[in-house]
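As a plain string of letters, each chain reads:
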Amino acid sequence: MKNTEELLKRLGVDIDAGTLRLALTHRSYAYEQGGIPTNERLEFLGDSILGFSVTDALYRDNPDLSEGELAKRRSAVVSTRALAGVARDLELGQYILLGQGEKLTNGRDKSSILADTTEAVIGAVYLCHGIETARAMVMRLIGPLLRNADALGAGTDWKTSIQEIAASRKLGDIHYQVTGSGPDHSRSFVAVLHIGDKPYGSGVGHSKKEAEQEAAAATWKMICPSGTTAAGA
């Protein structure tokens, strides 16, 4: 495994070597190593700590928001897309222990793997240092998202948000133009979102769905002024 000293600096907290290695062990690697433990139990633990920490912060910092709006913002912040972004900022992918198949299919940049590993790392911090240190790290990593109205406005499903705002503004029908390239084991897709006859945002992903979501996210940021939520547009 790559030296993790730089990763620990970015996290701002120490994790013992054994627990950190477990947090970084994807099931594909564990299978190839004869069925050693994976990071999935730590992921389960970290998911709960993440959800509680974000919920607590949203509740305390937004006394005027309804339950529905709080839930929407929490969903946006703990989504796979948001957590994968955090992981990419940490350059977490280069430290994950992956099987050969996942390596060949660019697993180090797959949003699902990155998000799951981020949760596992949160679980590892909790085991090593307890809830307060884990919550503090979550806030360091997630805090900027809580303050980003653009990221929170559209929630987790950018495609639905675009449909809602296009309908409310009578902009026209939505469709995606998607092209794929590369070998079967490492396909890449590019999606361009069209509203009516006009092209808007584009996105890239390892699947058509991921590329379309990225295109929808880019489009939402183009047509919604900062701080405007899709639902309220």
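Whatever comes next refers back to the structure up there.
Residues numbered from 1 in each chain as written. Predicted model: local features only at pLDDT ≥ 70, side-chain atom pairs only at ≥ 80, totals over all residues. Heavy atoms only, no water.

1. Some details on helix α4 (residues 40–61)
Consideration 1: Taking 1.5 Å of rise per residue, 22 residues should cover 32 Å, and α4 covers 31 Å from first to last C-alpha, within 8% of that figure.
Consideration 2: Within the sequence span of α4, burial applies to Leu42, Glu43, Gly46, Ile49, Leu50, Ser53, Val54, Asp56, Ala57 and Leu58.
Consideration 3: Elements that come into contact with the buried residues of α4 comprise α2 (17–23), α5 (67–77), α6 (80–90), α8 (111–129) and α9 (131–146). (Helix = DSSP H or I, 4+ residues; strand = E, 2+ residues; numbered from the N terminus. Expected span 1.5 Å × (residues − 1). Buried < 20%, exposed > 50% of the residue type's maximum accessible area, 1.4 Å probe, protein only. Contact = heavy atoms within 4.5 Å.)

2. Focus on the nonpolar core
Consideration 1: Counting 39 residues, the largest nonpolar core has Leu11, Ile15, Val54, Val121, Met137 and Ile142 as its most contacted members.
Consideration 2: Listed by contribution, the elements that provide at least two residues to this core are α1 (5–11), α2, α4, α5, α6, α8 and α9.
Consideration 3: It is α8 that provides the largest number of residues to this core, a total of eight residues.
Consideration 4: In terms of nonpolar packing, the next biggest core, distinct from the first, is built from 16 residues, Ile162, Ile165, Leu193 and Ala216 among them. (Core = buried A, V, L, I, M, F, W, Y, C linked by side-chain atoms within 4.5 Å.)

3. Considering unusual backbone geometry
Consideration 1: Phi is positive for Glu91, which is not a glycine, with a value near 55 degrees.
Consideration 2: One can find Glu91 in the loop between α6 and α7 (100–104).
Consideration 3: For Lys170, which is not glycine, the phi torsion reads 55 degrees and is therefore positive.
Consideration 4: By the element assignment, Lys170 lies in the loop between α11 (158–168) and β1 (174–181).

4. As for the side chain of Ser111
Consideration 1: Tracing the backbone shows Ser111 in helix α8.
Consideration 2: The class for Ser111 is buried, based on a relative accessible area of 15%.
Consideration 3: A distance of 3.4 Å separates a polar atom in the side chain of Ser111 from a polar atom in the side chain of Glu210.
Consideration 4: Leave out the neighbours within four places in its chain, and Ser111 touches Thr80, Ala84, Arg88 and Glu210. (Polar contact = N/O pair within 3.5 Å; in protein donor to acceptor, adjacent residues only side chain to side chain.)

5. Let's talk about the environment of Gly180
Consideration 1: In this structure, Gly180 sits in strand β1.
Consideration 2: As a C-alpha pair, Gly180 and Val204 span 24 residues in sequence and 9.7 Å in three-dimensional space.
Consideration 3: The residues contacting Gly180, other than those within four sequence positions of it, are Arg187, Ser188 and Phe189.

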